[in-house]
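# Topology and contacts: notes
Residues per chain are reported as follows:
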Amino acid sequence: MNPYILAILLFGLGLGTTITFASSHWLLTWMGLEMNTLAIIPLMTQHHHPRAVEATTKYFLTQATAAATLLFASVTNAWLTGQWEIQQITHPLPSTMITLALALKIGLAPLHAWLPEVLQGLDLTTGLILSTWQKLAPFALILQLQPSSSTLLIILGLTSTLIGGWGGLNQTQLRKILAYSSIAHLGWMILVLQFSPSITLLTLLTYFIMTFSTFLVFKLNESTNINTLATSWAKAPALTALMPLILLSLGGLPPLTGFMPKWLILQELTKQGLAPTATLAALSALLSLYFYLRLSYAMTLTISPNNLTGSTPWRLPSTQLTYPLATSTAMTICLLPLTPAISALLTS
């Protein structure tokens, strides 16, 4: 892609998110979300592959549906209450509609079906943008809403953690596994949203760091399914040794960074008297952990069936920058001891 066009599209992505962050009026918010969607579409179709075009069409239709529902809900709110401000959603009908529209935008279950299909059709770089940056604007809106029904958020959260775990169990495509991982992590964030927005933000930030590391490792190895993962030991032995730690951090095992948000969320849910919800969420994390372990096993303990034993793939020098990967990997693995400091920052 022409670097000037790429710069314009990335600027459009940033501007759309910034407009949504800065606006207090529903029309401006809607405009920011639409700019965001329209800016990423050329990035999704840049390879002109039929699968990419199909994924882009699905993405456009779901995002347009969510944006139209959001606009309809905000107009309904203005009609019922005379208010256009984001903070002034007091009527339960527009509040519920907006929550569901934003859930569709970020891919929360049961409105998640588009996300694995879309992510599977994209290259890993665009998939990374879709899994991280594109979640920011809708999440900023969900954080500003005070939903009239707290039960709705808990149902969305629990359904997402369960479907995110179950859906990834039988997958062999890495991008679909990462999509289900995204759904499960979003479920954890939504569960604790109404009780502690600061923990939700911490979970979102931790998820971004871990997903960034995972996508960059897959991009470095040029892996798109489990079989190609098995050749990575010959391409980047040191990274192959670290990769299980990144995946287990995504799964939320101590003593890795990914354990911190899950620990704080379970603690907060128990404080709020939602011990059964916390138990169900913790059990659903075991489902996700299974497919992270499966990836770790395929990457470090097996030899690929695609090549003869003893013949290794070419170890060509990589053109990818490794500083971002090194930084995010260190953060993915080592931040758990800083939990008391981070908790103090959140509560202050």
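This structure is a prediction, so every number in the text was calculated from the model and none was measured.

### Describing the overall build of the protein
Each helix and strand in the protein was counted, giving 17 helices and 0 strands. A compact globule built from 348 residues would reach a C-alpha radius of gyration of about 20 Å, and the protein, at 20 Å, matches this within 12%. Taken over the C-alpha atoms alone, the protein extends approximately 70 × 50 × 35 Å along its principal axes. Scored against the burial criterion, the 348 residues of the protein give a buried share of 52%. Excluding contacts between residues fewer than 6 apart, the proportion of contacts in the protein whose partners are at least 24 apart in sequence is 78%. The positive charge centre, built from 12 side chains, and the negative charge centre, built from 7, are 11 Å apart in the protein.

### Side note on empty space enclosed by the protein
Across all of its chains, the model carries 2 cavities of 30 Å³ or more by this definition. Surrounding the largest cavity, 13 residues form its lining, Y59, Q63, K105, Q134 and P138 being those nearest its centre. At the level of secondary structure, the elements contributing two or more residues to the lining of the largest cavity comprise α2 (26–44), α3 (50–81), α4 (92–106) and α7 (133–144). Within the lining of the largest cavity, the residues separate by chemical class into 7 nonpolar, 4 polar and 2 charged. What the second largest cavity holds in volume is close to 40 Å³. Considering the residues around the second largest cavity, the lining is formed by A184, H185, W188, L250, G251, K262, A285, S288 and Y292. Broken down by class, the residue content of the lining of the second largest cavity amounts to 5 nonpolar, 3 polar and 1 charged.

### What about the packing of aromatic side chains?
Enumeration according to the criterion identifies 4 aromatic pairs in this entry. Aromatic pair F259 and W263: ring centres 5.7 Å apart, planes at 15°, arrangement stacked. One end of the pair, F259, and the other, W263, are both in helix α14 (residues 259–271), 4 residues apart, so they sit about a helical turn from each other. Judged by relative accessible area, which is 25%, F259 ranks as partly exposed. Between the NZ or CZ atom of K262 and the centre of the ring of W188, over which it lies, the distance is 5.2 Å.

### Things to note about the nonpolar core
If you look at the biggest cluster of nonpolar residues, it comprises 46 residues, and the most contacted ones within it are I40, V118, L130, F218 and L295. Split by domain, the residues of this core number at least three in each of domain 1 (1–148) and domain 2 (151–305 + 322–343). Once residues lying within four places of it in the same chain are set aside, the contact partners of L295 are L174, I177, F218, I226, L229 and L247. One finds L153, I190, L193 and F208 within the second-largest nonpolar core, a separate group that totals 29 residues.

### A few points about the UniProt feature "transmembrane region" (unreviewed entry) in the protein
Per the UniProt record, "transmembrane region" (unreviewed entry) is annotated on residues 60–80, 92–115, 151–170, 177–195, 201–221, 233–253 and 273–293. For residues 92–115, the helix share is 71%, the strand share is 0%, and the end-to-end C-alpha distance is 28 Å. Secondary structure within residues 233–253 divides into 86% helix and 0% strand; the distance between the first and last C-alpha atoms comes to 23 Å.

### Quick word on the domain arrangement of the protein
Parsing the protein into structural domains produces domain 1 (1–148) and domain 2 (151–305 + 322–343). Taken together, the 29 residues of domain 1 in the interface contact 31 residues of domain 2. Taking both partners together, domain 1 and domain 2 bury about 2,700 Å²; carbon and sulfur atoms supply 82% of that area. Ranking the residues of domain 1 by area buried against domain 2 places Q120, L124 and F139 at the top, with a combined share of 25%. In this assembly, domain 1 and domain 2 are joined by 1 salt bridge. Between E117 and K176 there is a salt bridge, with its nearest N and O atoms 3.3 Å apart. Counting only elements with at least two residues in the side of domain 1 that touches domain 2, the list comes to α4, α5 (114–120), α6 (124–131) and α7. When the residues that make up the side of domain 1 that touches domain 2 are grouped by side-chain class, the tally is 17 nonpolar, 9 polar and 3 charged.

### What about the side chain of K262?
Looking at where K262 falls in the secondary structure, it is placed in helix α14. Notably, K262 is buried but unbridged: the nearest opposite-charge side chain belongs to E268, and the N-O separation is 17 Å. Excluding residues that lie within four positions of it along the chain, K262 makes contacts with H185, W188, L250, G251, G252 and A285.

Analysis parameters
Residues numbered from 1 in each chain as written. Predicted model: local features only at pLDDT ≥ 70, side-chain atom pairs only at ≥ 80, totals over all residues. Heavy atoms only, no water. Helix = DSSP H or I, 4+ residues; strand = E, 2+ residues; numbered from the N terminus. Rg over C-alpha atoms; globule rule 2.2 N^0.38 Å. Buried < 20%, exposed > 50% of the residue type's maximum accessible area, 1.4 Å probe, protein only. Contact = heavy atoms within 4.5 Å. Lys, Arg positive; Asp, Glu negative; His and termini not counted. Charge placed at Lys NZ, Arg CZ, Asp CG, Glu CD. 1 Å grid on protein atoms, 1.4 Å probe; cavity = no way out; pocket = protein on both sides within 12 Å on 5 of 7 lines; lining within 4 Å. Points joined across faces, edges and corners; volume = space filled by probe spheres on them. Nonpolar A, V, L, I, M, F, W, Y, C, P; charged D, E, K, R; others polar. Phe/Tyr/Trp six-rings, centres within 6.5 Å; stacked < 30°, edge-to-face > 60°. Lys NZ or Arg CZ within 6 Å of the ring centre and 35° of its normal. Core = buried A, V, L, I, M, F, W, Y, C linked by side-chain atoms within 4.5 Å. Domains from an automatic or database assignment. UniProt positions renumbered as here; feature names shortened; annotations may be inferred. Buried area = accessible area lost by both parts, 1.4 Å probe. Salt bridge = Lys/Arg side-chain N within 4 Å of Asp/Glu carboxyl O.

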